[in-house]
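Residues per chain, in single letters:
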Amino acid sequence: DVMLESSETEFAARYQAYAAQGQLYPQCEGSPLLEFAAAGRVLYLFDRSGPYAGRPGPAQVVVHGVLDPAGTRVLTPEEAQRASEMLTVVSISGVEGVGQVLDVSRRVWVVQARLPLVLAAFEPLPPVPVGGWVAFRTQPPLHGFLL
């Protein structure tokens, strides 16, 4: 069994340099989802910071998703030359897109795709250098860690 994080605070601290800047909207009473607008997208994030931690207004949020291996691949050098950042919201709390890799570990890519995303997998990811380009799709829900 693979753990992607040891604790909410440790995960948020590890990736705080890659937090997205955006606007947090008021949370619906009893909803576990944060409504977060960043880089022209509205994302619904599973709130990992505890209920009511987020106040409406400007916010820094580490946006974390689990990759869907079927929709995730490293772009070829030819594709990467023509690539530009894309991010599309899929279903209520998933995304797909294309972006440039900012940070890499065995099971995590930090990808800049209009906003920074911390994308993890339960199996080792294909090798990609920092600066490489990837196409990705996440499995819902996306998670949000408020800073």
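The shown structure was predicted, so the numbers you read here are calculated from the model rather than taken from an experiment.

Participant: Where do I start with the environment of Q27 in this structure?
Facilitator: Tracing the backbone shows Q27 in the loop between β1 (20-24) and β2 (33-38). What makes Q27 partly exposed here is its relative accessible area of 22%. Considering only alpha carbons, one finds Q27 and P56, 29 residues apart in sequence, at a separation of 8.0 Å.

Participant: How should I be thinking about the packing of aromatic side chains in this particular structure?
Facilitator: What describes a pair of aromatic rings is the distance from one ring centre to the other and the angle between the planes of the rings. Within the structure shown, the criterion is met by 2 aromatic pairs. Ring plane angle 50° and centroid distance 5.0 Å describe the contact between F11 and Y15, whose orientation is recorded as tilted. Accessibility assignment for this pair places F11 and Y15 in one class, buried. Consider the rings of F11 and F145, whose centres lie 4.7 Å apart with planes at 35°: the pair is tilted. Taken together, the positions of F11 in helix α1 (residues 8-14) and F145 in strand β10 (residues 133-146) put the pair 134 residues apart, joining distant regions of the chain. Neither F11 nor F145 differs from the other in exposure class; each is buried.

Participant: So what exactly am I meant to see when it comes to unusual backbone geometry here?
Facilitator: Leaving glycine aside, a negative phi is the common case for residues, and trans is the common case for peptide bonds. The omega torsion of the bond from P140 to P141 falls at -5°, within 30 degrees of zero and hence cis. As for its placement among the helices and strands, P141 is situated in strand β10. Phi angles above zero are rare outside glycine, and S91 is one such case at about 55°. Note that S91 resides in the loop between β6 (86-90) and β7 (94-104).

Participant: Any chance you could explain the side chain of D68 here in plain terms?
Facilitator: Mapping D68 onto the fold places it in the loop between β4 (57-67) and β5 (73-74). For D68, a relative accessible area of 17% gives the class buried. Dropping the residues within four chain positions of it, D68 is found in contact with R137, T138 and Q139.

Participant: Mind showing me how you'd approach the environment of R48 here?
Facilitator: Note on placement: R48 falls in the loop between β3 (41-47) and β4. Separated by 39 residues in sequence, R48 and T9 place their C-alpha atoms 9.3 Å apart. In this structure the side chain of R48 is engaged in a polar contact, spanning 2.9 Å, whose partner is the side chain of H143.

Participant: Quick question: what am I supposed to make of the pairing of strand β9 (residues 115-120) here?
Facilitator: When a strand is regular, its side chains alternate between the sheet's two faces. Within β9, 6 of the 6 residues are buried, which leaves the element mostly enclosed by the surrounding structure. Because side chains alternate across β9, one face comprises the buried residues L115, L117 and L119, and the other comprises P116, V118 and A120, equally buried. Bridge count between β4 and β9: 3 bridges; the pairing is parallel. In the sheet register, H64 faces β9, and the bridge partner there is V118. Sheet analysis places strand β8 (residues 108-113) next to β9, joined by 6 bridges and oriented antiparallel. Bridge pairing in β9 places V110 opposite V118. The turn linking β8 back onto β9 is made up of 1 residue, and R114 within it adopts a positive phi angle of 75°.

Participant: Is there a simple way to think about the side chain of T72 in this case?
Facilitator: Looking at the element boundaries, T72 is found in the loop between β4 and β5. Only 2.8 Å separates the side chain of T72 from the backbone oxygen of D68, close enough to count as a polar contact. Those residues within four positions of T72 in sequence are excluded, and the remaining contacts are L67, W109, A135, F136 and R137.

Conventions and cut-offs
Residues numbered from 1 in each chain as written. Predicted model: local features only at pLDDT ≥ 70, side-chain atom pairs only at ≥ 80, totals over all residues. Heavy atoms only, no water. Helix = DSSP H or I, 4+ residues; strand = E, 2+ residues; numbered from the N terminus. Buried < 20%, exposed > 50% of the residue type's maximum accessible area, 1.4 Å probe, protein only. Phe/Tyr/Trp six-rings, centres within 6.5 Å; stacked < 30°, edge-to-face > 60°. Contact = heavy atoms within 4.5 Å. Polar contact = N/O pair within 3.5 Å; in protein donor to acceptor, adjacent residues only side chain to side chain. Pairing = 2+ DSSP bridges.

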